[in-house]
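Each chain, letter by letter, is given below.
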Amino acid sequence: MSKDGAVLSALVEALSNGTVKVVDLTETLRPDYPVIALPPQFGQASPFIKEEISRYDEERGPAWYWNNITLSEHTGTHFDAPIHWVTGKDLPNNATDTIDPSHFVAPVCVIDCSKEAAADQDFILTRDFLENWEKEYGEIPAGSWVFMRTDWRKIVSPDNWTNVDADGNAHHPGPDKEAVEFLIERDVMGFGTECVGTDHAGSFGWDVPLPCHTLIHGAGKYGLQCMTNLDQLPPKGAVVIAPPLKIEEGSGSPLRVLALVPA
Ligand code: 23J
Ligand code: MN
């Protein structure tokens, strides 16, 4: 990195002349936004609730508008920290307030699974699939995010994109255990998805249940879920900016996820 900040000047120039674009990978926080539903015996995440404090009204506040909000750490587009899972509970710097902030800016490899997810809503991302991606684009660099692109909002109804069927079972794609182990071998920053959870909807019943949560967080790595617009990212070459709120001992946090993309 040059001492005169040439890299940053070049970035500012590229942003202003449009050779680097900012793509928003975030969903709008709104009351009807679906949250993950766990089996009914467990505690549940709060949906997003917005209560008006005042809106330019005489009594509550004549010149200002603001809201109180209620939500869980895992509502809307959000970040999972290693402390979220029992396997990551004793790791150093494992919570939203202690993670090294340099991890919040990182390159991303985008694995296009959109055709496969359209053909099979229970598509499983395998090690083989990742190795084929590497044959085309080169090895996944250490420290990169890996995002599973599914174009999920186009595949399922946007009103029911958690995709719960008539029997109450959710369906969405996710990685199997070997795929997650491969990502850890590659020493990725974390795994991100457009679906409601980083893990396959059916993975509660697998040999290692919820392998992405279990293994990724056990390895000190992060998750991102409920993203959108992954179809606007190249397979390689974009940079993700994803800083969670600095919640004390936070297990995760809703956030704005941005990508810097070469035009
Ligand atoms: C708690 C328990 C199980 C799961 C989750 C949360 C999530 O998917 C999440 O948002 O991290 S699977
Ligand atoms: Mn989460």
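Shown above is the structure to which this text applies.
This structure is a prediction, so every number in the text was calculated from the model and none was measured.

What counts, and at which threshold
Residues numbered from 1 in each chain as written. Chains lettered and ligands numbered in written order. Predicted model: local features only at pLDDT ≥ 70, side-chain atom pairs only at ≥ 80, totals over all residues. Heavy atoms only, no water. Helix = DSSP H or I, 4+ residues; strand = E, 2+ residues; numbered from the N terminus. Rg over C-alpha atoms; globule rule 2.2 N^0.38 Å. Buried < 20%, exposed > 50% of the residue type's maximum accessible area, 1.4 Å probe, protein only. Contact = heavy atoms within 4.5 Å. Areas by Shrake-Rupley, 256 points an atom, 1.4 Å probe, with all protein chains shown as cover. Lys, Arg positive; Asp, Glu negative; His and termini not counted. Charge placed at Lys NZ, Arg CZ, Asp CG, Glu CD. Donors = N, O, S within 2.8 Å, 3.2 Å for Na, K, Ca; no water. Tetrahedral: all angles 85-135°; square planar, octahedral: opposite > 155°, others 65-115°. Patch = residues over 30% accessible without salt bridge, like charges linked within 9 Å, V, L, I, M, F, W, Y side chains within 5 Å. Salt bridge = Lys/Arg side-chain N within 4 Å of Asp/Glu carboxyl O. Pairing = 2+ DSSP bridges. Axes fitted to C-alpha atoms, helices over the stretch in contact; angles between N-to-C directions. Near = heavy atom within 4 Å. Polar contact = N/O pair within 3.5 Å; in protein donor to acceptor, adjacent residues only side chain to side chain. Nonpolar A, V, L, I, M, F, W, Y, C, P; charged D, E, K, R; others polar. Core = buried A, V, L, I, M, F, W, Y, C linked by side-chain atoms within 4.5 Å.

1. Focus on the overall build of the protein chain
No. 1: From N to C terminus, the protein chain includes 6 helices and 13 strands.
No. 2: Taking 263 residues into account, the globule formula puts the C-alpha radius of gyration at 18 Å, and the protein chain, at 19 Å, falls close to it.
No. 3: Overall, the C-alpha framework of the protein chain stretches about 65 × 60 × 40 Å when taken along its three principal axes.
No. 4: Taken across its 263 residues, the protein chain has 42% of its residues classed as buried.
No. 5: Of the contacts made within the protein chain by residues no fewer than 6 positions apart, 73% connect residues no fewer than 24 positions apart.
No. 6: Counting only carbon and sulfur atoms, one obtains 55% of the accessible surface of the protein chain, whose full area is about 13,200 Å².
No. 7: In the protein chain, which carries 19 positive and 39 negative side-chain charges, the distance between the mean positions of the two groups comes to 5 Å.

2. What to know about the coordination of the manganese ion (ligand 2)
No. 1: With distances of 2.1 to 2.6 Å, the protein atoms coordinating the manganese ion (ligand 2) are H74 (ND1), H78 (NE2), D80 (OD) and Q225 (OE1).
No. 2: The coordination sphere of the manganese ion (ligand 2) comprises 6 donor atoms, whose angles at the metal cover 58 to 173°; the geometry is irregular.
No. 3: Mapping the donors of the manganese ion (ligand 2) onto the primary sequence gives the spacing H-x3-H-x1-D-x144-Q. Of this pair, D80 sits in strand β4 (residues 78-80) while Q225 sits in strand β10 (residues 222-225), and the two are 145 residues apart along the sequence.

3. Overview of a nonpolar patch on the surface
No. 1: A grouping of I36, L38, F42 and F204 is seen on the molecular surface, where their side chains present a nonpolar patch of about 340 Å² in accessible area.
No. 2: Its place among the elements puts F204 in the loop between β9 (190-193) and α6 (211-218).

4. Some words on the sheet that holds β4
No. 1: Overall, mixed pairing links the 9 strands, which are arranged β1-β13-β11-β5-β7-β9-β10-β4-β12 in an open sheet. Since the sheet does not close on itself, it has two edges, and those belong to β1 (20-24) and β12 (252-254), each with one partner. Across the sheet, the axes of successive neighbouring strands diverge by a mean angle of 25°, strand direction being ignored.
No. 2: In the sheet, β1 pairs with strand β13 (residues 258-262) via 5 bridges, with the strands oriented antiparallel. Considered in β13, the bridge of V22 is made with L260.

5. Here's the deal with the site of ligand 1
No. 1: Around ligand 1 sit I36, L38, H74, H78, D80, H84, W85, H213 and Q225, and that is every residue in its neighbourhood.
No. 2: Side-chain polar atom of H74 to an oxygen atom of ligand 1: 3.3 Å apart, as the coordinates give it.
No. 3: In the model, an oxygen atom of ligand 1 is placed 3.0 Å from a nitrogen or oxygen of the H213 side chain.
No. 4: Within the complex, the protein chains bury 87% of what would otherwise be the 320 Å² of accessible surface of ligand 1.
No. 5: Per-class residue counts for the shell around ligand 1 are 3 nonpolar, 5 polar and 1 charged.

6. Examining the nonpolar core
No. 1: Core analysis: the biggest nonpolar cluster contains 24 residues, and L25, F79, W145, F147, L224, L233 and V257 have the highest contact counts within it.
No. 2: Of all the secondary structure elements, the ones that give two or more residues to this core are β5 (105-112), β7 (145-149), β10, β11 (238-241) and β13.
No. 3: The greatest single-element share of this core, amounting to 3 residues, is contributed by β5.
No. 4: Setting aside its immediate chain neighbours within four residues, L25 contacts T77, F147, M227, T228, N229, L230, L233, V257 and A259.
No. 5: Of all hydrophobic cores here, the second largest spans 18 residues; its members include C109, L130, V180 and F182.

7. What about α6?
No. 1: Most of α6 is tucked away, with 6 of its 8 residues classed as buried.
No. 2: Those residues of α6 that are buried are in contact with β4, β8 (174-175), α5 (177-185), β9 and β10.

8. With respect to unusual backbone geometry
No. 1: Despite not being glycine, L210 has its phi angle at roughly 45°, a positive value.
No. 2: Here L210 lies in the loop between β9 and α6.
No. 3: Non-glycine residue E249 carries a positive phi angle of around 55°.
No. 4: Mapped onto the secondary structure, E249 falls in the loop between β11 and β12.
No. 5: With relative accessibility at 61%, the residue E249 sits in the exposed group.

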